[in-house]
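# Coordinate inspection notes
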Amino acid sequence: MTKRWWRDGVLYQIYPRSFADSNGDGIGDLGGVIDRLEYLEWLGVDGIWLNPIHPSPNVDWGYDVSDYTAVHPELGTLEDVDRLVSEAERHEIRVLLDLVPNHSSDRHPWFRERPEFYVWSDKIPNNWRSIFGDGPAWSLDPERGRYYLHNFAPEQPDLDWWNPELRNEFERILRFWFDRGVAGFRIDVAHALIHDRDLRDDPIIPGLGLRRVYSMHRPETHEILRTWRSLADGYDPSRVLLGEAYSLEVDDWVRYYGENADELDLAFAFMLVHADFDAEQMRTVVAEIQAALPEGAWPCWTGSNHDVGRLATRWCGGDESLARCALLMLLTLPGTPCLYYGDELALTAGHVPPERVLDCATPSRDPGRTPMPWTRDGGWDRPWLPLEDTSRNVEDQRAEASSTVHFTRDLIALRRRLADLRSGTYTELAAPEGAWAWRRGENAVIALNLRENRVEIEGVAGSIALTTTRDREGEQVVDRLSLAPRAGAIVVGD
Ligand code: NOJ
Ligand code: CA
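Residues numbered from 1 in each chain as written. Chains lettered and ligands numbered in written order. Predicted model: local features only at pLDDT ≥ 70, side-chain atom pairs only at ≥ 80, totals over all residues. Heavy atoms only, no water.

## A word on the pairing of strand β21 (residues 487–492)
Counted residue by residue, β21 has 6 buried out of 6 residues, so it is predominantly covered. Both faces of β21 are covered, namely the face carrying A487, A489 and V491 and the face carrying G488, I490 and V492. Pairing geometry for strand β16 (residues 444–449) and β21, over 6 bridges, is antiparallel. Across the sheet, residue A447 finds its bridge partner in β21, namely A489. Note: strand β18 (residues 462–467) against β21, 4 bridges, orientation antiparallel. (Buried < 20%, exposed > 50% of the residue type's maximum accessible area, 1.4 Å probe, protein only. Helix = DSSP H or I, 4+ residues; strand = E, 2+ residues; numbered from the N terminus. Pairing = 2+ DSSP bridges.)

Printed below as a string of structure tokens:
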């Protein structure tokens, strides 16, 4: 199989409003991303994924798109996208955008002018529930006197993927951005898109609630993904499709790679995202994924995003040593790692007082979306979401060789140097309870100790290439690796 940049590379997710502000209005923007390309190159990332940058009434902060081929004025212009793509290329960084095909904003002109692009019913036809709020997935449009489908907020009407003209529109949208040099898309709710044509009730599982097998997860979704994949592969270099294929059932999730490797290039492994940061749980999830992945399919590992929040808080309770263990894991599992801005600082969830909450979801996702702390005073002027804790910030960590940002940078650089870490096979090794060790390829062993006492991992030999504690690098290991609590290491065979 041809090696593609995203199989070897490291992705980095940018929430544009919170990354960097170039004009001092408190809202991060494309100019801010351009200004920070030097930092991203220094860190060593290969591609950035930007959450939606399009015009949007921001009911769901960009995930309610009112124009798919334009840029929200607060974030910049189309020219800024072009500048970002070409400047990023100079730093050897590719740019991925977010495609939101399941729904548009109700302010998209289509909602009035092209009603056939949406899903209508004279009465509420089934038991489908909206993901935001706790109501039916159907709302009355007073102007038409009919109900429309919205799997998310009422302001996010679902598009009707049974309509071939809508499919054509989206192919045009994909081409519009690919032609501008965008390297690919993260596809929002890639598991939903099309709904059951007969609008059948979702089954109710006692104790668990609705199983969304008719409102989402329809087999015809795969057909749409196949079309996009062939469109993306028609470009040179071919464009990458990274899906938010949200399924926690491994057998269902792997289907999004396609029976003939002809759908998504990459899919976020949400099974890992939702596992506890516990050696037993993590290694079980990884083993299940490894066993189920079809030949050549490549997972995408992440621990944080704008929905689930930050790994340093979720997985590690704020503990920086554990956060480094999580980074070590994400960057050395077989697949593509995707860091969320701030992961490299072990950034924790921000504090957003109730009167500053802007998210439409409950509980609010704002703590995972607060501004990037660039300096000790933040580097922001009255940001759109509060930035209170700046103790972990870029400036201080860049100046300190033992910091987490340097650890992340050195880890990425090591991954670049050692082919085993990027593409070597994954073999789990025996490890005591609370620890997890695996070999990549012939020569690299990664070991994590997530418990509170020292552990010994037998059968490891070579020299220590990197530790989360930064204290034993270069040390020779003969047959047994001893690991302090909450620590991890990479040992490379001689
Ligand atoms: C998934 C996105 O990641 C999330 O932020 C959004 O609210 C929903 N899709 C709806 O678009
Ligand atoms: Ca701005």
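From this point on, the discussion continues.
## So, the sheet that holds strand β5 (residues 138–141)
Strand pairs in the sheet, formed through backbone hydrogen bonds, run parallel or antiparallel to each other. The sheet built from 3 strands is open, its strands ordered β4-β6-β5 with antiparallel pairing. Taken across any chain shown, the strands that pair with only one partner, and hence form the sheet edges, are β4 (120–121) and β5. By the bridge criterion, 4 bridges tie β5 to strand β6 (residues 146–149) in an arrangement that is antiparallel. Pairing of L140 across the sheet is with Y147, part of β6.

## Things to note about the coordination of the calcium ion (ligand 2)
Note on metal sites: the ideal angle is 109.5 degrees for four tetrahedral donors, and 90 or 180 degrees for six octahedral donors. Protein coordination at the calcium ion (ligand 2): the donors are D21 (OD), N23 (OD1), D25 (OD), I27 (O) and D29 (OD), at 2.2 to 2.3 Å from the metal. By relative accessible area, I27 is classed as buried at 11%. (Donors = N, O, S within 2.8 Å, 3.2 Å for Na, K, Ca; no water.)

## Topic: the pattern of salt bridges
Within the structure shown, the criterion is met by 44 salt bridges. Within this structure, D60, D307, D359, R365 and R369 form a network of salt bridges that share partners. (Salt bridge = Lys/Arg side-chain N within 4 Å of Asp/Glu carboxyl O.)

## Re the site of ligand 1
Around ligand 1, the surrounding shell consists of D60, Y63, H103, F132, F152, R186, D188, E244, H306, D307, R365 and R369. A distance of 2.8 Å is found between an oxygen atom of ligand 1 and a side-chain nitrogen or oxygen belonging to D188. Contact between ligand 1 and H306: an oxygen atom at 2.7 Å from a side-chain N or O atom of the residue. Protein contacts shield 97% of the accessible area of ligand 1, which totals 300 Å² for the unbound molecule. (Near = heavy atom within 4 Å. Polar contact = N/O pair within 3.5 Å; in protein donor to acceptor, adjacent residues only side chain to side chain. Areas by Shrake-Rupley, 256 points an atom, 1.4 Å probe, with all protein chains shown as cover.)

## Thoughts on the confidence of the model for the chain
When the pLDDT values of the chain are averaged, the result is 97; 99% of them are 70 or greater. The weakest mean pLDDT in the chain belongs to strand β9 (residues 209–210) at 90; the strongest belongs to strand β1 (residues 11–14) at 99. (pLDDT = per-residue confidence, 0-100.)

## Things to note about the state of the cysteines
Here the structure, examined in full by the defined rule, presents 0 disulfides. As a non-bridged cysteine, C325 has C316 as the owner of its nearest cysteine sulfur, 7.8 Å distant. (Disulfide = S-S within 2.5 Å.)

## Concerning the packing of helix α7 (residues 164–179) against helix α8 (residues 220–233)
Between two packed helices, the angle of one axis relative to the other and the distance separating the axes together describe the packing. It is the contact of α7 with α8, at a shortest axis distance of 11 Å, that shows an interaxial angle of 30 degrees. For the pair α7 and α8, the crossing hand works out as right-handed. Two secondary-structure elements touch here, α7 through R167, F170, E171, L174, R175 and F178 and α8 through E223, I224, T227, W228, L231 and A232. Of the residues in the contact of α7 with α8, the class split is 7 nonpolar, 1 polar and 4 charged. (Axes fitted to C-alpha atoms, helices over the stretch in contact; angles between N-to-C directions. Left-handed = near helix turned anticlockwise from the far one by under 90°. Contact = heavy atoms within 4.5 Å. Nonpolar A, V, L, I, M, F, W, Y, C, P; charged D, E, K, R; others polar.)

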